[in-house]
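# Structural characterization, general
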Amino acid sequence: MILNLALGSGLVVTLSTLRAIRKEAGAKAQRAIAEARTNELQNVEAAIRIWRETAQDMSDKYESVSTQVDLLRKEVKRLNTINNKILKLLDKINPENLENIVELIKKTLTHEE
């Protein structure tokens, strides 16, 4: 009976200790899963923030480039107009009016600039 009591009480203590260790391990596993999900969400949020900032930077640069393209388009149109006027004047050149046409071309160039 004494032997039975000694072995029985040791078994009860061992089983209760194993049960406590199992609960602790389960809690640690749940904590690790929760931390992994939190880290995953933080990584996704960081990636979203990076993409959002990149998109905003690209939008700003696009606006800047678009403005520059519009200015260049106007300048090219202005220069084409000047070239066309000069070409028309050059077509009218003959030996008698050479000096007059050259003066007219010079006036056109200075006036258009």
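Whatever comes next refers back to the structure up there.
These lines cover the structure that appears in this document, whether it is placed above or below. (Residues numbered from 1 in each chain as written. Predicted model: local features only at pLDDT ≥ 70, side-chain atom pairs only at ≥ 80, totals over all residues. Heavy atoms only, no water.)

Assigned secondary structure in the chain consists of two helices and zero strands. A buried classification covers 6% of the 113 residues belonging to the chain. Carbon together with sulfur atoms contributes 61% to the accessible area of the chain, which is approximately 10400 Å² in total. (Helix = DSSP H or I, 4+ residues; strand = E, 2+ residues; numbered from the N terminus. Buried < 20%, exposed > 50% of the residue type's maximum accessible area, 1.4 Å probe, protein only. Areas by Shrake-Rupley, 256 points an atom, 1.4 Å probe, with all protein chains shown as cover.)

Right, let's get into the pattern of salt bridges. Enumeration according to the criterion identifies three salt bridges in this entry. Its salt-bridge partner being glutamate 24, residue lysine 28 comes within 3.5 Å of it at the nearest N-O pair. Within this pair, lysine 28 and its partner glutamate 24 are both found in helix α1 (residues 2-91), separated by four residues, close to a single helical turn. Looking at lysine 28, the relative accessible area reads 47%, which means it is partly exposed. (Salt bridge = Lys/Arg side-chain N within 4 Å of Asp/Glu carboxyl O.)

Bringing the nonpolar core into the picture now. Counting residues in hydrophobic clusters, the biggest one holds five residues: Ile82, Ile86, Leu89, Ile101 and Ile105. When contributions to this core are tallied by element, the ones reaching two or more residues are α1 and α2 (98-112). Examining the composition of this core, we find that three residues originate from one element, α1, more than from any other. With residues up to four places along the chain from it excluded, the contact list for isoleucine 101 reads Leu89, Lys92 and Ile93. (Core = buried A, V, L, I, M, F, W, Y, C linked by side-chain atoms within 4.5 Å. Contact = heavy atoms within 4.5 Å.)

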